[in-house]
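Chain residues, written in single-letter form:
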Amino acid sequence: MKRIAITGASGLIGSALSYALVARGDEVVAFSRTPQQFQDAAAPITWVQWNPRDTDATRRALTGCDTIVNLVGASIAGKRWSAHYKQQMIASRVHATQQLMTTVASMPHPPTTIISSSGAGYYGQGAMPCDEQSPAGNDFLARLCVDWEAAATVAAAPTMRVALIRTGVVLDDNQGALPLMALPFRLFVGGPVMPGTQGVSWIHRDDMVRLLLWLIDTPTAHGVYNACAPQPVSNAVLSAAIATRLTRPNWIPVPQFALRTLFGEMADALLIGGQYVTSSRLAAAGFTFQYPHITEALAHLW
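As the structure is a computational prediction, the values presented were derived from the model and not from experiment.

## Brief notes about the pairing of strand β4 (residues 67-70)
Okay, so step 1: Burial of β4 is two-sided: the residues Thr67 and Val69 facing one way and the residues Ile68 and Asn70 facing the other way are all buried.
Okay, so step 2: Direction of pairing for strand β1 (residues 3-7) relative to β4: parallel, over a ladder of four bridges. Counted as the bridge partner of Ala5 is Ile68 from β4.
Okay, so step 3: Pairing geometry for β4 and strand β5 (residues 113-119), over four bridges, is parallel. Paired with Ile68 across the two strands is Ile114, which belongs to β5.

## Some points on the sheet that holds β5
Okay, so step 1: Spatially, seven strands are ordered β3-β2-β1-β4-β5-β7-β11 in an open sheet, and the strand pairing comes out parallel. Of all strands in the sheet, those with a lone pairing partner are β3 (45-49) and β11 (223-227), marking the two edges. Neighbouring strand axes in the sheet, compared pairwise and without regard to direction, differ in orientation by 20° on average.
Okay, so step 2: Packing against the sheet, helix α4 (residues 140-153) makes contact with β4, β5, β7 (161-167) and β11, and its axis sits at approximately 175° to β5.
Okay, so step 3: Against the sheet, helix α6 (residues 205-217) engages β1, β4, β5, β7 and β11, with an angle of about 165° to β7.

## Describing the pairing of β7
Okay, so step 1: Counting buried positions along β7 gives seven out of seven residues, so the element sits mostly inside the fold.
Okay, so step 2: By the alternation rule, side chains of β7 split into Arg161, Ala163, Ile165 and Thr167 and Val162, Leu164 and Arg166, which are all buried.
Okay, so step 3: Here β5 pairs with β7 via seven bridges, running parallel. By the bridge assignment for β7, Ile114 is matched with Val162.

## Observations concerning the packing of helix α2 (residues 55-62) against helix α3 (residues 83-105)
Okay, so step 1: Put simply, α2 and α3 touch, their axes get as near as 10 Å, and they point 65° apart. Remark: the crossing between α2 and α3 carries right-handed chirality. Residues Thr55, Thr58, Arg59 and Leu62 of α2 lie in contact with α3, whose contacting residues are Leu100, Thr103 and Val104.
Okay, so step 2: In terms of residue class, the contact of α2 with α3 is built from three nonpolar, three polar and one charged.

## Points about the packing of aromatic side chains
Okay, so step 1: Applying the stated rule across the entire model yields six aromatic pairs.
Okay, so step 2: Between Tyr122 and Tyr123 the ring centres are 5.1 Å apart and the planes differ by 75°, which places this aromatic pair in the edge-to-face class. Here the two residues Tyr122 and Tyr123 agree in accessibility, since each one is buried.
Okay, so step 3: Taken together, a centroid distance of 5.2 Å and an interplanar angle of 90° make the contact between Phe287 and Phe289 edge-to-face.
Okay, so step 4: What makes Phe287 buried here is its relative accessible area of 9%.
Okay, so step 5: The exposure class assigned to Phe289 is buried, which follows from its relative accessible area of 15%.

## Here's the deal with the pattern of salt bridges
Okay, so step 1: Taken as a whole and judged by the stated rule, the model has eleven salt bridges.
Okay, so step 2: With a closest N to O distance of 2.6 Å, Arg24 and Asp26 form a salt bridge.
Okay, so step 3: Taking relative accessible area as the criterion, Arg24 reaches 37% and is therefore assigned partly exposed.
Okay, so step 4: Here Arg205 ties to Asp206 by a salt bridge, and the two come within 2.9 Å at their closest N and O atoms.
Okay, so step 5: A residue is classified by how much of its surface remains accessible, and Arg205, at 17% relative accessible area, is buried.
Okay, so step 6: Among the residues examined, Asp206 registers a relative accessible area of 23% and is labelled partly exposed.

## Focus on the nonpolar core
Okay, so step 1: In this structure, Ile6, Val69 and Leu215 are the most contacted members of the largest nonpolar core, which totals 34 residues.
Okay, so step 2: When residues of this core are traced back to their parent elements, those giving at least two are β1, α1 (12-23), β2 (27-32), β3, β7, α6 and β11.
Okay, so step 3: With eight residues, the top contributor of residues to this core is α6.
Okay, so step 4: If you look at the next biggest cluster of nonpolar residues, it comprises 21 residues, including Val48, Ala61, Leu62 and Val72.

## Points about the side chain of Ser92
Okay, so step 1: Looking at where Ser92 falls in the secondary structure, it is placed in helix α3.
Okay, so step 2: Look at Ser92 and you get buried, because its relative accessible area is 9%.
Okay, so step 3: Residues within four places of Ser92 in sequence aside, it is in contact with Val72, Gly73 and Ala74.

Conventions we followed
Residues numbered from 1 in each chain as written. Predicted model: local features only at pLDDT ≥ 70, side-chain atom pairs only at ≥ 80, totals over all residues. Heavy atoms only, no water. Buried < 20%, exposed > 50% of the residue type's maximum accessible area, 1.4 Å probe, protein only. Helix = DSSP H or I, 4+ residues; strand = E, 2+ residues; numbered from the N terminus. Pairing = 2+ DSSP bridges. Axes fitted to C-alpha atoms, helices over the stretch in contact; angles between N-to-C directions. Contact = heavy atoms within 4.5 Å. Left-handed = near helix turned anticlockwise from the far one by under 90°. Nonpolar A, V, L, I, M, F, W, Y, C, P; charged D, E, K, R; others polar. Phe/Tyr/Trp six-rings, centres within 6.5 Å; stacked < 30°, edge-to-face > 60°. Salt bridge = Lys/Arg side-chain N within 4 Å of Asp/Glu carboxyl O. Core = buried A, V, L, I, M, F, W, Y, C linked by side-chain atoms within 4.5 Å.

Right, here's the structure in full:
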């Protein structure tokens, strides 16, 4: 039995991972900004107030933990990227991770494994395939990921195993990006985001949890892994797959100017641009995906 601490535990990935760990008999220390919302949950999870600046409280909560899974961060797609919100994104990822690692370094018996989140946005925007050896991009999201990873890797030491996960779009039927993508199709006004050739690197929610469990359990797993299914798709292919699964038309292309008007810089980073990201390191390690193809993933979710 392991004792696992999870920051960002009330989010899509964190909550799914928490229940998977409990189901197999592990103990979970779940950090959340609003732990009171989850205290009455049936699962035996210890909920803790997340305040990375409160070093003493964080140290007490981490005592006895084998592993930290760091999933903290304000939503990338939650709001228009104003200057203020960009600072919030930086603070909730880079600064919070720095503070967490400072606390870990001060512990006499710290956790021996840290798994820290990053994003496929690390690679910037482009049509060329990317794997873990590809260089970082130079837009805001790429620089954010670079700094986020740097904050986590300061913990690397002979007695500390650090793994970084650059996550694509996590597909879930109730939360995250997929319900938003599907909404226009459900309303019979769906279509590809122009030009339609931009890459969408994705992973099914269940495979994301399986990957995190594998990273927790595999002592030789360290360094960077792309948490993306082996078959990234173009936006046009994704739109067609959603339309087919929902038995809806796929006939109204979404122009770039409309997205830029609505979402500003976020539109270029998340909707108009894109990446074709795969994981050479997971393939080499023998990790297999339960849902490697987009049609299989959507069929399971809907």
